[in-house]
Each structure stands twice: as C-alpha cells, then as structure tokens.
Amino acid sequence: MSSTIREADLGTKVTPLPARAAANTPVPVDHRIARNPGMKLDLGFMESVRSVNRSALERRVASLTKRRSIKADNQAAWLLRAVACMDLTTLNSNDTEERVRRLCAKAINPFRRDIVEGLGIAGETIRPAAVCVYHPFVATAVDAVRGTGIHVAAVSTAFPHGLAPLSTRLQEIEASVRDGADEIDVVIPRGLVFGAKWRELYNEIVSMRAACGDAHLKVILGTGDLATLRNVMLASMVAMMAGADFIKTSTGKESVNATLPVGLAMVRAIRAYFEETGYLIGFKPAGGISTAKASLDWLVLMKEELGRPWLEPELFRFGASSLLTDIERQLEHHLTGHYSANHRHAMA
Amino acid sequence: MNILDRYHAMEYGPAPEARNEADAWLAGRDFGKALFIGGDWKAASGGKTFDTSEPSSGKLLAKVSDANAVDIDAAVAAATKALPKWAASTGYQRAKVLYAIGRAMQRHQRLFAVLESIDNGKPIRESRDIDVPLAIRHFIHHAGWAQALDRDFPGHKGVGVVGQIIPWNFPLLMLAWKIAPALAAGCTVVLKPAEFTPLTAILFAEICERAGVPKGVVNIVHGGPEAGAAIVNHAGIQKIAFTGSSEVGKIIRKATAGSGKKLSLELGGKSAFIVFEDADLDSAVEGLVDGIWFNQGQVCCAGSRLLVQEGIADALIAKVKTRMSRLRVGSPLDKNTDIGPLVDATQLDRVKGLVAEGARQGAVCWQPDAALPASGYYHLPTLATGVSPANILAQEEVFGPVLATMTFRNTEEAIELANNTRYGLAASVWSENVNLALHVAPQLKAGVVWVNGTNMFDAACGFGGYRESGFGREGGREGMFEYLTAKLPLGAVIKPAVVSAQPVEQSDGDSIDRTAKLFIGGKQVRPDGNYSLAVATAKGKLAGEVGLGSRKDIRDAVSAARACKAWPEATAYNRSQVLYYLAENLSGRAGEFAVRLSELTGATPKAAREEVEQSIERLFLYAGLADKFEGRVHQPPARAVTLALHEPVGVVGIVAPDNSPLLGLISLVAPALAMGNTVVAVPSERHPLLATDLYQVIEYSDVPAGAINIVTGRTAELAGVLAKHDDVDGLWVFADAETCAKAEAESIGNLKRVWSGNGRSLDWASDEAAGDVFLRRAIEVKNVWVPYGD
C-alpha cells in the first residue's frame, strides 16, 4: 500500500496532445490515451474555474438537446456507440455469482443475431466496454469475460458512501485489483467537499490512484449529494489533479442521478484540465440513464463540448443496467419498423 | 455509407424537418387574394403582386397581393367599422378571442414553424422552440390583460384603430407582439407584414377566421413601402406601432408629427455584451451563440458588441473560436442547423460589405473553416477582433452574424464603452458577482439588460429601447400602455404667440428695478445674446423684462442639465425632501406669487391665490410620489426575476403653456424632477416672470445646480432648439399646434421622446392634470433579467 503524495514530481510532466478536432470533421482517434499522471493540488487553478452559473448551464443543456437530432442509420450507429461506451452494471445487494455470470454473458453477446446481421455489423465486435460489479464478484466476472477484451470494473472504497476508514478503502481497491479488476470506481466522501477539505480529498484520491496500480481509476463524485454545480466543478478538478483517469457522476444510489447540467459542469472541468495540462480525462455519467433517447443526449453533450475523441470507450462510459435493452428495442425498430418489446431481447 | 462507417464517423448527418404539410398549405392558397380585410380575402386593387422566395434556395414561394393606398383605405375602413363594437365588448369577450387565437396557434404550431423557416430562412430549431411558442404565449398572456383592463388601467381606454408595420426577422413573433396587446386593449388593427416574409401572417389570418375574431378587428395587408406609407399617413389611424430600422423609424416619426397619432418605435441596436473577469466564461460563450448567432444575427437586440475585460480576453476569444467552429451552417429545415441563410441577397450583400469595410478599417475578421451550402444567402459566423470604437463594425448595426470585440480595463470603462452608441436597445452583463451585475445594469443606457443571459423574452416583460433604438415598450404591463389612452382634462387651443407692441408704461413706479435673468446650472445668468423681452401686465403695462433666451442659452442649459449627476443619482427619498422643501419655500412667498399672477394674467386675487396654493399642493403631491412610483417585478416562466425598473428619461425639455403660468409649469416640472430627470424649462412666453421669481425659491431650496434650468424667451424658437438638440432625451411641449408639430418632426435627430399637447393646453387646475400619466412620461422602463439558481 502506498499513499505517497506525488505533488512535486508529477506536476510538470505533461505531454501536450493535439488540439481537439472540430465537431464536423472526424479525425482518427488515438486509442492509446496518455494516462493522466495528476498534478499538484493547485488552488489557484481551482479558483479560476469556480464560476459555474447554474441557470446558464441549464439553458445550455436545454437547447443542446434540441439543437441536434440524429436520425435513421446515424441513429442506429450512435446507439451502437452508446453500447460500446457502456459499463454494463449490476450493483444490487442481492447480486450473486450466477447473476454476474449472466450479466457477463449479455455483455459478451449483447445483440440478437438477426439484429447484428440486419445492421451489417458482424465484421466488428460491438459490445459493452466493461462490466461493473461489487468486489465479491470481480473474480467471477474476470473469469466470465476472459479473452473478450471486456474490462471488469469494481466499485470500491465503501461504495456508495465512502465512509469507511481510508485504510479499509485502500485495501478494498487492492483486493479488487488482485482479483483482476482493471478498472476501479471509487467514491469520495462528500463531506470533504462540503468542508472544502480539498487537500484531504486530494490526498485520499492520490492514495487510491496509487492503490490502483495499472488499473484505471474512476472517481465517483456523488453529484446528487453535492448540492451545487460549483461543488461539482471543484470536486472534479481535485479528482483530476489527484490522478483520476475518469470522473463519474453518481453511484446510482443518490436521490438524484446523472443530470445533464451536472454532466455539463463535469465535461467543462475536463476541458479546463485538458487545456491546462494536455491530458484527456474520461467521463462517466451513471444512474438513471435508461433510454436510448437519453443516451443520445449524452453523446451529443460529449461531441459538442469535448469533441469526437470523447466518443470512445477510453474517454466515455455510461454506467447503466437497463439502457442496453432499450437500445436493442430501438435497433430492432430501426430494422423492422415495428416497435419492439423488452421480452424479445435476452435479459442480462 | 453503411452503419459501421457511421459508427466510426459519429457525424450527425441530415435530420430534415418534413415540409409536405407546409408545401400543401402553399399549394392550396390563392396568394393573389392575400389581403385579409374586413374578414374577406381580397386581391390588391391595383392587381399587383410581389414575390416571396425561399432564402435557402432563392426559389419563388408565392406571388402575394401587393396592397396600395386604396387597399389600405379599405382596411382602415373595415377596422374603423369594427371598432365601436369591439371597443365596447367586455374584457371577458376579448379575452376569449385572444385565448382562442393562442390555442388555435398551438394546434398548428408545427405548420407555423415550418412555414416561418421556409419563408425567413431561420433554423427550424429556433422557429419551433422559440418564435412560435413565444408568439402563442403572447396571445394567452394578453387574454388576461383584456379582462384585467378595468382593474389595472382605470381611466384608460383603447386608442382606436392602430396601424402596425413589422419586420422580416421574426415575422410571426412580431405580429403577436403587435396584435395581442392591441386586441386586449379593444383596438382594431391594420397590420402590414414585411414583403420578405408574408406567409405566417396569412396563416395567422386564417386562424383569426376560425378563432372567431370579429370581421374587421384584424386586417392584414401585404405590400411594400407604398402600403407602409399609406398606413403611416392615414388619417383614420390613431396609433402607429413600428418595428424595423432606425432610418425608417425616423421617417415615420417625422411623417406623423402633428397628426396626434400615438407612436411606438422598436428600432435598431448595437447591444453590448459585457463579460467581466469573474464570469462563467463557458456560459458567456453560449450566451454569445444565443446572442449574435441567433437568427443569423438578424436580431435588433443581438449582442453584437462583445466587451471583455482585458485579463480574460485571450481565453474568452479562444473559447469563442472553438465554439464557432462547432456551429453548423446549413438548411433551415435541418434540425441540426445552427445558422441558416440570411433573409435575402440584399441583406447578404450588406453584411458582406460591412465586414469588408470593417476589415479595411483595421478589424481582424475571423471565420471558422466551414463549407457553405451551394445555394442560398449564407454568411459564415464572423468574429471581428481589434475593433476600435470608431470602426464601422462597432458603430453600425450589421444585422448579420458578425461579432465585434473590444476590451475594457475596469467597470467604469465597460459602462462607458457600452453606452458609447446612439442606440440603446439591450445589453448583457456576465459576472458571477451579483453586486457587480446589479451595479452595472442601471448604468447601461438600454431598455433591456440580461444578467448572465441574453435574448430572453417573455410576454410579461417589457421590451423596447432607449435613445435611437426607439420608444415605447412591448410586452407586460408597460406594453399595454402603448395601446391605451388616459383621459386628460383638455384645455384651450393654444394660439401662436404674437409679437405685439412692447409695453412701455411702468405698472408700478415705487419698487427698485429688478433684472430677471436666465437660471442655468444653479446660477442666474444673463442671456448669451444680451437682449431682453418686455413682459406686459394683464392691462398692457410693462411688468418687467426677462432675458431673451437663444439657442446658445439652450445649449448651456442642456449642458448644465446633463452635467448634473447629483439629482438623478440622489435617492428618491432625497428628491422627495427637496421637492417638499421647494413647496415649503414657495408657500412662504405665496402672497407675493399671487399678486404677480394677478397682475400678469388679470386673475382675481382669489383665483390667483388658488393657483399658487394648487401649485404648492402639486409640488407636495410629486414630492410624496417621488419614492412611490416604483417599478415592478415581472415573473416570466423561467427561474428568473425581471426587474422592471423606473429610470429617469434623462434631460427633459419642458415648454410650458401660457394658461395657469405657474401651475402649468409646476405641473410639468415637478413630475419630471420627482423621477430624477433634469429639466430645461421654457416658461410661458407671455408670463415668464413667474418662472424667474420661482428660481429665487429654487435657489434656497437645496435643488442641486443644473437640476432645473430656466430659459425665458420665444416659445416657438426655443422649443425648436430643444427639439433639435441631440443631447435632450425628452421634450414636453404645450404650445401652439405648429410648434408642437415642429418639435415632433425635428426630434428625429436622436429620437427624443416628445410629448405634445398638439396645440391644446390642459386644464391644469383639474385633479386629472396630475399623477401617474405624468410620471409615466418621466420614466423609461428598463427590464433587468436576473436568472438565479446555484
């Protein structure tokens, strides 16, 4: 276990990446994202991004989803993209190994054969980027998806509240990594945000990153608990400075899940961090995204605010459980013109 | 392109809005009979038509009846015929009609939106989500005003037949802004849409037929300048409401001078978009998208001048450029289009010409690297940096997608730059510091100020300009007044002053000779020309002499009034106390003033005393109202408050009547002062000694220097000088008809707000010659939008 704070040595080692592409011109995406090394906690930088005007953000997302419309074959393609950027998730207190195996099977083989053929996508493997489970099921999941390229994400650090002793939380990460999880979704103690205990929060996340080793770190902010978009922005910045690979909205257990205004604040934080350091940080909205239409709104948000690179699973994930089924129904409708039913598609 | 290709490309692709319903509508109409007059569809009497075409392709859409003066006559006749019954209908009856219009529009919402985008070229996203819903909201909101008329506007009635001329940038929305309040007020309407965009107005007329609008209440005529001029000049019309260019607005102001027509003008703008260093910059960038790249920048209140604080200028400009490169220029009927074509080739040429000229004058014009559609009148969004205040792009309204950028060092300079324009329509202020935003908003010369937002509109909130952006408000309570007249106690017809033989015989030989002077900047001054004017008593004897004021004295008085900051910036309570004190001091000399009145006017001592007492009472009234004629808080359907602030008009010229020379003067000056205006008063030409006596009272009443200035002399001449002075914001003229007409006509230099009695005086002794009607003339309503939420 290592909880060394890496302020001094990593602050300047940043590699500028090519500027983002304009929305209208696709560019080949470099899938090998240079991993965010983090930087020292820079309160001045945080100060420069603290202006977040909620009503303006609400207006932006309200018009954003009306400004873009994706139809026909493009819509099918975008929905496939949503699947490719999905962390297929089961996070229930009654999960069992068998339930997790079923989820993995669905992830490996998400679509009915006729849909794959109808869409003409057999030549490419399109399926969720990861499955996301509690720690006890990591080994089961790793076993189930072995050889498929599907990642296994574990929610760690006393999910969903994060209120266990730090040592316990770090041990949990290490245990999940040992069991084979290559992505770790951690939660922050929200109280640190309310108390503006930025250094403590920073230090905790630095420790978590260290505990992850090569596994990618997704930091869940629990935005439904954070009350203001300014808190969301500041917590996002601290997480990225501390070395998060992804920042994530919610556990799915807060009373308010991922909302577009929160998402907008977070992607703007990612943009500010990119402009400052040159590192591309991933974004994961999670909780409550259950319709194909909603998934398109999020994809539009990413494309408009961050650009094409953020439409790859390296930089964007949905945390979702029932979204996949709705997308399957939409894809079937796209092919047949018939509205579909849930039971026509294999459950997870 | 197969689905896998699309999966990798992740492009939006086309998302066309279906136009078959709109095409069917177009195919099913006889546009040669498009004049909706008296409930019938008529061809133009001259048999002429004009073409309306599609901006995205240049293709002809329809040949539309082109009305001439005969058709306008017919329309005014129909409106006049319908007026008595409509005006006499109950508020409930009119409310039902307005409600029915709103609901019927809602049922045909999509057709309206598609037609609007086809005809105007605006993106369907805008017509569908903004123009049409706002238009509907306007009718439903005003249904309520129809019913609330007696309650909220006691003593007012509908102005009568109104002529309305609207522009092409928001064809249906401007129609709604015009027709809804008119119908609510019990007026009947002759409306002329713009030639470029007649279609949605035709659909609206069909809605009127179906919604039970009585025949003749709404008349819609199509045509060009000839039809417009016929409306403006028609004797059967009692009010003109115009939205369009400042150039045409001035022509209309001049044409209607002396006609007694009520007038509201909503004209051009060069609105400032001010970004302070503590703003949410990403949101400010989106504000610019909604500000200058909304409707291709063809918006009178477009935030076309970006004023950005130096420290954040580079960061903001970089963000703006990135954002601009994501704007999608394309077919208005594509749901993914952000920027459509301009309305017409002439407009495109104009915008291109201004951009080229701006670049010649040193601006750096930047455009994103995007392809334009092969046909149609498209213009790329354009960012001009390095723009000096003298650059044509900072001065002139471009009415296109062109943003001119300047930097400022501090708040004071931001305000100065923002106000450095002849226009005064709107402004945006971006700062997370509400203290700063609410400090700046009242200092901006603009009728609408958006804090951390832009281009927010609502039927409940007033919209309209300061300065050469026009006058009058549309929307809300303040907008209703534009279609109502208040009963005023009319007085005698004022005859032009005749220069009679100078009286020579001294009326009273005992007292020491007194020299009445002008009162400018708090000082008694001799007239610049050093001539005097003899003043006669009622019996024709010499009562004294006053200075013969000239244009230079008016110039000095206006300068003094403009320089006086202490009065407009004083608290209302402070102004109130000064006016009370003035009343108190006048009261102390009441006897002396009564004698003077009696001597000059021949009034009986009792009547003279009565006029003095009434003058004191009136000062008392306005002293008391100084802190009570307050603004309102509008509640638009958004998480925002809109503060409708009452601000002083500014420097107000007051040309006072001869009848009741003291009471008339005070009845005009007191409300102007109460609201914080500074005044240049031209007192009665016949009885000016009351005013010169009054300045002695003013001198020891704690009135700040320059708040009241008095220039005696020839009424007609001085009124003309005030009318032509472009630093005078308001002018109230109670003089002979010719002087009044001239004042209105000559006000066009800066479009000062002129209130004239049209050759009639008022019965100043009447209680109705005081109160809100006067106070309303003394203020501008500024709507400050403050969205909130954290």
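Residues numbered from 1 in each chain as written. Chains lettered and ligands numbered in written order. Predicted model: local features only at pLDDT ≥ 70, side-chain atom pairs only at ≥ 80, totals over all residues.

### What to know about the overall build of chain A
Assigned secondary structure in chain A consists of 15 helices and eight strands. For 348 residues, the compact-globule estimate of 2.2 N^0.38 gives 20 Å, and the C-alpha radius of gyration of chain A, at 19 Å, lies within 12% of that figure. If one aligns the C-alpha atoms of chain A with their principal axes, the spans along those axes are about 55 × 45 × 35 Å. Counting across all 348 residues of chain A, residues that qualify as buried make up 57%. The contacts in chain A between residues at least 6 apart in sequence include a share of 79% that link residues at least 24 apart. (Helix = DSSP H or I, 4+ residues; strand = E, 2+ residues; numbered from the N terminus. Rg over C-alpha atoms; globule rule 2.2 N^0.38 Å. Buried ≥ 20, exposed ≤ 12 C-beta atoms within 10 Å, placed from the backbone. Contact = placed C-beta atoms within 7 Å.)

### Re the overall build of chain B
Secondary structure assignment for chain B yields 27 helices and 33 strands. Here the C-alpha atoms of chain B give a radius of gyration of 28 Å, agreeing with the 28 Å that 2.2 N^0.38 yields for 790 residues. Its C-alpha atoms give chain B principal-axis dimensions of roughly 110 × 65 × 45 Å. Contacts in chain B between residues at least 24 apart in sequence constitute 75% of all its contacts with a sequence separation of at least 6.

### Topic: the packing of helix α6 (residues 124-152) of chain B against helix α7 (residues 171-184) of chain B
Residues and elements named next belong to chain B. Closest axis-to-axis distance for the α6/α7 pair is 9 Å, and the angle between their directions is 5°. Regarding the angle of α6 to α7, the classification is roughly parallel. Contacts between α6 and α7 involve D131, V132, L134, A135, H138, F139, H142, W145 and A146 on the former and, on the latter, L172, L173, A176, W177, A180, P181 and A184. A breakdown of the residues in the contact of α6 with α7 according to their chemical character gives 13 nonpolar, two polar and one charged. (Axes fitted to C-alpha atoms, helices over the stretch in contact; angles between N-to-C directions. Parallel < 35°, antiparallel > 145°, perpendicular 65-115°, else oblique. Nonpolar A, V, L, I, M, F, W, Y, C, P; charged D, E, K, R; others polar.)

### Quick notes on the pairing of strand β33 (residues 779-787) of chain B
Residues and elements named next belong to chain B. In terms of burial, β33 is largely enclosed, as nine of its nine residues are buried. Alternating residues of β33 divide into I779, V781, N783, W785 and P787 and E780, K782, V784 and V786, and every residue in both groups is buried. Where strand β17 (residues 448-451) lies against β33, three bridges are found, and the strand directions are parallel. For W450, the partnering residue across the bridge sits in β33 and is W785. As paired elements, strand β26 (residues 640-648) and β33 share nine bridges and run antiparallel to each other. Bridge pairing in β33 places A640 opposite P787. (Pairing = 2+ DSSP bridges.)

### Remarks on the interface of chain B and chain A
Chain B puts 35 residues into the contact, and the matching count from chain A is 36 residues. Only α1 (3-9), α6 and α11 (281-291) of chain B provide two or more residues apiece to the side of chain B that touches chain A. For the side of chain B that touches chain A, the element with the highest residue contribution is α1 of chain B, accounting for five residues. Of the residues assigned to the side of chain B that touches chain A, the class counts are eleven nonpolar, nine polar and 15 charged.

### Remarks on the sheet that holds strand β7 (residues 282-284) of chain A
In sheet architecture, strand pairing relies on hydrogen bonds along the backbone and comes in two forms, parallel and antiparallel. All names here are of chain A. Spatially, β7-β6-β5-β4-β3-β2-β1-β8 is the arrangement adopted by the eight strands of the open sheet, whose pairing is parallel. The outermost strands of the open sheet, each flanked by one partner alone, are β7 and β8 (318-320). Strand after strand, the sheet turns through a mean of 25° between neighbouring axes, direction not considered. Where strand β1 (residues 86-89) lies against strand β2 (residues 130-134), three bridges are found, and the strand directions are parallel. Its bridge partner lying in β2, L88 is registered against V131.

### Focus on the domain arrangement of chain B
What the domain assignment reports for chain B is domain 1 (20-26 + 34-50 + 60-266), domain 2 (272-478) and domain 3 (517-628 + 648-762). Here domain 2 of chain B and domain 3 of chain B have C-alpha centroids that lie 41 Å from each other. (Domains from an automatic or database assignment.)

### What about the nonpolar core?
By size, the foremost hydrophobic cluster in this structure holds 174 residues, and its most contacted members are L98, I101, V189, V190, I274, L307 and V449 of chain B. Of the residues forming this core, the biggest block, eleven residues, is contributed by α7 of chain B. Among the domains, domain 1 (20-26 + 34-50 + 60-266) and domain 2 (272-478) of chain B are the pair contributing at least three residues each to this core. Those residues in contact with L307 of chain B, other than ones at most four positions away along the chain, are A272, F273, I274, M406, F408, A414, L417 and A418 of chain B. In terms of nonpolar packing, the next biggest core, distinct from the first, is built from 121 residues, A129, Y273, L301 and F316 of chain A among them. (Core = buried A, V, L, I, M, F, W, Y, C linked by C-beta atoms within 7 Å.)

### Focus on the sheet that holds β17 of chain B
Residue and element names in this part refer to chain B. If you trace the ten strands from one edge of the open sheet to the other, you get β13-β14-β15-β12-β11-β16-β17-β33-β26-β25, paired in mixed fashion. Since the sheet does not close on itself, it has two edges, and those belong to β13 (364-366) and β25 (632-634), each with one partner. Strand-to-strand twist of the sheet, defined as the mean angle between neighbouring strand axes without regard to direction, takes the value 20°. For strand β14 (residues 382-385) and strand β15 (residues 402-408), the ladder comprises three bridges, and the chain directions are parallel. Within β15, the residue paired with A384 across the bridge is A404. This element, helix α13 (residues 345-360), spans β13, β14 and β15 of the sheet and lies at about 135° to β13.

### Overview of helix α4 (residues 91-107) of chain B
Residue and element names in this part refer to chain B. The end-to-end C-alpha distance of α4, which contains 17 residues, comes to 24 Å, matching closely the 24 Å that a straight helix rising 1.5 Å per residue would cover. Inspection of α4 places R94, A95, V97, L98, I101, G102, A104 and M105 among the buried residues, and these make up the whole buried set. In this structure, the buried residues of α4 make contact with α5 (109-120), α6, α7 and α8 (199-211). (Expected span 1.5 Å × (residues − 1).)

### Structural notes on the environment of V83 of chain A
With respect to the element layout, V83 of chain A can be found in helix α4 (residues 72-84). Here the alpha-carbon distance between V83 of chain A and L323 of chain A, two residues 240 residues apart in the chain, equals 8.6 Å.

### Regarding the environment of W298 of chain A
Residue and element names in this part refer to chain A. Among the secondary structure elements, W298 is positioned in helix α14 (residues 292-305). Sequence-wise, W298 and P285 are 13 residues apart; in three dimensions their C-alpha atoms are separated by 8.3 Å. Excluding residues that lie within four positions of it along the chain, W298 makes contacts with G263, P285, I289 and F318.

### Description of unusual backbone geometry
A negative phi angle characterises most non-glycine residues, just as the trans form characterises most peptide bonds. That bond from F159 of chain A to P160 of chain A is cis: its omega, 5°, falls within 30 degrees of zero. Relative to the helices and strands, P160 of chain A is located in the loop between β3 (151-156) and α8 (166-178). For A196 of chain A, which is not a glycine, the phi torsion comes out positive at approximately 55°. When you line up the elements, A196 of chain A lands in the loop between α9 (190-194) and α10 (198-212). Phi angles above zero are rare outside glycine, and N452 of chain B is one such case at about 50°. Inspection of the secondary structure puts N452 of chain B in the loop between β17 and β18 (470-471). The class of N452 of chain B is buried, set by 27 C-beta atoms lying within 10 Å.

### What about the pairing of strand β16 (residues 426-430) of chain B?
Residues and elements named next belong to chain B. Summarising burial for β16: five of the five residues are buried, a large majority. Side chains A426, S428 and W430 project from β16 onto one buried face, and the interleaved A427 and V429 project onto a second face that is buried too. Examined bridge by bridge, strand β11 (residues 272-275) and β16 share four bridges and lie parallel to one another. What sits directly across from F273, in β16, is S428. Relative to β17, β16 runs parallel, the two sharing four bridges.

### Quick notes on the confidence of the model for chain B
As a general rule, the predicted coordinates of low-pLDDT regions are not to be interpreted in detail. Of the residues in chain B, 99% have a pLDDT of 70 or more, and the chain-wide mean is 97. Predicted complex metrics record ipTM = 0.94 and pTM = 0.95. (pLDDT = per-residue confidence, 0-100.)

### Side note on the confidence of the model for chain A
Chain-level pLDDT for chain A is 91 on average; 91% of the residues reach the 70-or-more range. Predicted confidence for residues 1-31 of chain A stays below pLDDT 50, and this span has 53 contacts to residues more than four positions away or in other chains.

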